[in-house]
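Descriptive structure summary
The lines below spell out each chain.
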Amino acid sequence: VQLQASGGGVVQAGESLRLSCVASGRTLRGVAVGWFRQAPGKEREFVAASSRTGSGTFYADSVKGRFTISRDNTKNTVYLQMDSLKPEDTAVYYCAADGSIINSSLRQAFQYDWWGQGTQVTVSS
């Protein structure tokens, strides 16, 4: 599976961005997809995930209520809508996918087999 993340950019605090993660090589049906981010000098951290069935969504406390993960299986794409962005959201954002991960493991980066390249999100104050 190849994952292509896009949609990053430079915005001001309070503005919105929508990231996209397009998969090729196989369908995303039955595949869990997660978004992670890594800021300079920090470890990669979990942001949001959509379970294999697509019915379960999970968020880091820091983004809950501001970010929304969704998927369009007809386009083989998962989105991360980011609203009310804050300077602390600045990071490189990565999408990841796995076909066998269980819900309790969705927050763990090492559980994902497939990774896309990152897309930079910069939020200025």
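Preceding this section is the structure that the text describes.
Residues numbered from 1 in each chain as written. Predicted model: local features only at pLDDT ≥ 70, side-chain atom pairs only at ≥ 80, totals over all residues. Heavy atoms only, no water.

Next up on the list: the overall build of the protein. What the protein contains, in helices and strands, is zero helices and 11 strands. For the protein, the sequential pattern of α-helices and β-strands runs β-β-β-β-β-β-β-β-β-β-β. Rg of the C-alpha trace for the protein: 13 Å, near the compact-globule value of 14 Å for 125 residues, within the 12% margin. Each of the three principal axes of the protein carries a C-alpha extent, and together these read 40 × 25 × 25 Å. Sorting the 125 residues of the protein into buried and exposed places 43% on the buried side. (Helix = DSSP H or I, 4+ residues; strand = E, 2+ residues; numbered from the N terminus. Rg over C-alpha atoms; globule rule 2.2 N^0.38 Å. Buried < 20%, exposed > 50% of the residue type's maximum accessible area, 1.4 Å probe, protein only.)

The next thing to look at is the nonpolar core. Trp35, Val47, Phe67, Leu80, Met82 and Tyr93 are the most contacted members of the largest nonpolar core, which has 37 residues in total. Looking at this core, the elements with two or more residues in it are strand S1 (2-6), strand S3 (17-24), strand S4 (32-38), strand S5 (45-50), strand S7 (67-72), strand S8 (77-82), strand S9 (91-98) and strand S11 (119-124). The biggest single contributor to this core is S9, with five residues. Dropping the residues within four chain positions of it, Tyr93 is found in contact with Leu19, Trp35, Phe36, Arg37, Val47, Phe67, Leu80, Met82, Gln117, Gly118, Thr119 and Val121. (Core = buried A, V, L, I, M, F, W, Y, C linked by side-chain atoms within 4.5 Å. Contact = heavy atoms within 4.5 Å.)

Turning our eyes to something else, we now look at the packing of aromatic side chains. Under the definition given, this model contains four aromatic pairs. Judged by centre distance (5.3 Å) and plane angle (80 degrees), the ring pair of Phe36 and Tyr112 falls under edge-to-face. One end of the pair, Phe36, is in strand S4; the other, Tyr112, is in the loop between S9 and strand S10 (114-115), with 76 residues separating them in the sequence. Classification of Phe36 by relative accessible area gives buried; the value is 1%. Given a relative accessible area of 4%, Tyr112 falls into the buried group. In this structure, Arg44 is placed above the aromatic ring of Tyr94, and the distance from its NZ or CZ to the ring centre is 3.9 Å. (Phe/Tyr/Trp six-rings, centres within 6.5 Å; stacked < 30°, edge-to-face > 60°. Lys NZ or Arg CZ within 6 Å of the ring centre and 35° of its normal.)

Moving on, we come to the environment of Tyr94. Topologically, Tyr94 is positioned in strand S9. Separated by 47 residues in the primary sequence, Tyr94 and Val47 place their C-alpha atoms 9.5 Å from one another. Beyond its immediate sequence surroundings of up to four residues, Tyr94 is in contact with Gly34, Trp35, Phe36, Gln38, Arg44, Trp115, Gly116, Gln117 and Gly118.

What follows deals with the sheet that holds S7. Pairing is antiparallel across the open sheet formed by four strands, whose spatial order is S1-S3-S8-S7. Edge strands, defined here as strands with exactly one partner in the open sheet, are S1 and S7. Neighbour to neighbour, the strand axes of the sheet diverge by 15 degrees on average, direction disregarded. Where S7 and S8 come together, six bridges link them in antiparallel fashion. By the bridge assignment, Asp72 is partnered in S8 with Thr77. (Pairing = 2+ DSSP bridges. Axes fitted to C-alpha atoms, helices over the stretch in contact; angles between N-to-C directions.)

Honestly, it's all geometry; don't read function into it.
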